[in-house]
Amino acid sequence: MIETGKTYTQDMTVTSKDTAVVYGSGKLEVFATPALVALMENTAVCCLEGSLEPGTDTVGIEINTQHIKATGVGQKVSCKATVTCVDGRRIRFEIEAWDEKGPVGHATHDRFIIQPEKFMSKL
């Protein structure tokens with residue numbers, strides 16, 4: 001059972017593979033917005049571990065992200081996802097990310113519970 005208020009926090013260190021140059025989202029050696037979004041989604045996925053019914057999984061269906069500050073290579077980024085709403089098969093998260101100097105970004109993110117075999121058969 002998924003309950004509102006459940007949280008998960010994880011840390012990562014920005015490497016050259018996480019930069020805007022590598023992602024093609026810019027020309028600077030800073031933490032890329034697509035890398036931030038991936039960290040946020042992964043944190044939400046990890047938050048649900050052990051809470052889903054057997055034979056189910058989730059897919060991301062919406063993310064509204066603000067990337068408010070640059071983070072350099074070598075800096076640690078922390079990310080926390082909190083379940084704020086469960087409405088049937090839709091799960092909403094509030095997500096925040098920060099580094100040693102302060103807030104990096106925040107998001108609302110919705111995931112939808114699916115049955116993987118049924119989902120993949122529709123592709």
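Remember, it's a predicted structure, so these values are computed and weren't measured experimentally.

1. Thoughts on the environment of Leu52
No. 1: Structurally, the position occupied by Leu52 is in the loop between α2 (33–48) and β2 (57–67).
No. 2: Taking C-alpha positions, Leu52 is 21 Å from Cys79, a pair spaced 27 residues apart along the chain.
No. 3: Apart from residues no more than four positions distant in its own chain, Leu52 is found in contact with Ile2, Asp57, Thr58 and Ile113.

2. Quick notes on the side chain of His109
No. 1: As for its position among the elements, His109 is in strand β5 (residues 102–114).
No. 2: A polar atom in the side chain of His109 sits 2.8 Å from the backbone oxygen of Glu62.
No. 3: When near neighbours in sequence (up to four residues on either side) are disregarded, His109 contacts Glu41, Ala44, Gly60, Glu62, Ile63, Ile91, Arg92, Phe93 and Ile95.

3. Quick notes on the state of the cysteines
No. 1: Evaluation of the coordinates by the stated rule reveals zero disulfides.
No. 2: Cysteine Cys79 is unpaired, with the sulfur of Cys46 as its nearest cysteine sulfur at 9.8 Å.
No. 3: Here Cys79 falls in the buried class, since its relative accessible area comes to 0%.
No. 4: Here Cys85 is not disulfide-linked; the sulfur of Cys47 is the nearest cysteine sulfur, at 14 Å.
No. 5: In this structure Cys85 comes out as partly exposed when scored by relative accessible area, which is 35%.

4. Brief notes about the pattern of salt bridges
No. 1: Applying the stated criterion to the full structure yields four salt bridges.
No. 2: With its nearest N and O atoms 3.1 Å apart, the salt bridge here joins Glu41 to Arg111. Linking Glu41 in helix α2 with Arg111 in strand β5, this pair joins segments that are 70 residues apart in sequence.
No. 3: Given the relative accessible area of 27%, Glu41 is considered partly exposed.
No. 4: Note on Arg111: relative accessible area 6%, which makes it buried.
No. 5: Note that Asp110 and Arg90 form a salt bridge whose closest N and O atoms lie 2.7 Å from each other. Of the two residues, Asp110 is situated in strand β5 and Arg90 in strand β4 (residues 90–99); the sequence distance between them amounts to 20 residues.
No. 6: Judged by its relative accessible area of 1%, Asp110 is buried.
No. 7: Through salt bridges with shared partners, one network takes in Arg90, Arg92 and Asp110.

5. Topic: a nonpolar patch on the surface
No. 1: Together, Val21, Val22 and Tyr23 make up a nonpolar patch on the protein surface, roughly 260 Å² of accessible area in all.
No. 2: Residue classification places Tyr23 among the partly exposed positions, given a relative accessible area of 40%.

6. So, the nonpolar core
No. 1: Of all hydrophobic cores here, the largest spans 24 residues; its most connected members are Phe31, Met40, Val77, Ile91, Phe93 and Ile95.
No. 2: When contributions to this core are tallied by element, the ones reaching two or more residues are α2, β3 (76–87), β4 and β5.
No. 3: For this core, the element with the most residues is α2, which contributes seven residues.
No. 4: With sequence-adjacent residues up to four places away left out, Met40 is seen in contact with Ile63, Thr65, Cys79, Ile95, Ala97, Gly105, His106 and Ala107.

Each value, and the rule that gives it
- Residues numbered from 1 in each chain as written.
- Predicted model: local features only at pLDDT ≥ 70, side-chain atom pairs only at ≥ 80, totals over all residues.
- Heavy atoms only, no water.
- Helix = DSSP H or I, 4+ residues; strand = E, 2+ residues; numbered from the N terminus.
- Contact = heavy atoms within 4.5 Å.
- Polar contact = N/O pair within 3.5 Å; in protein donor to acceptor, adjacent residues only side chain to side chain.
- Disulfide = S-S within 2.5 Å.
- Buried < 20%, exposed > 50% of the residue type's maximum accessible area, 1.4 Å probe, protein only.
- Salt bridge = Lys/Arg side-chain N within 4 Å of Asp/Glu carboxyl O.
- Patch = residues over 30% accessible without salt bridge, like charges linked within 9 Å, V, L, I, M, F, W, Y side chains within 5 Å.
- Areas by Shrake-Rupley, 256 points an atom, 1.4 Å probe, with all protein chains shown as cover.
- Core = buried A, V, L, I, M, F, W, Y, C linked by side-chain atoms within 4.5 Å.

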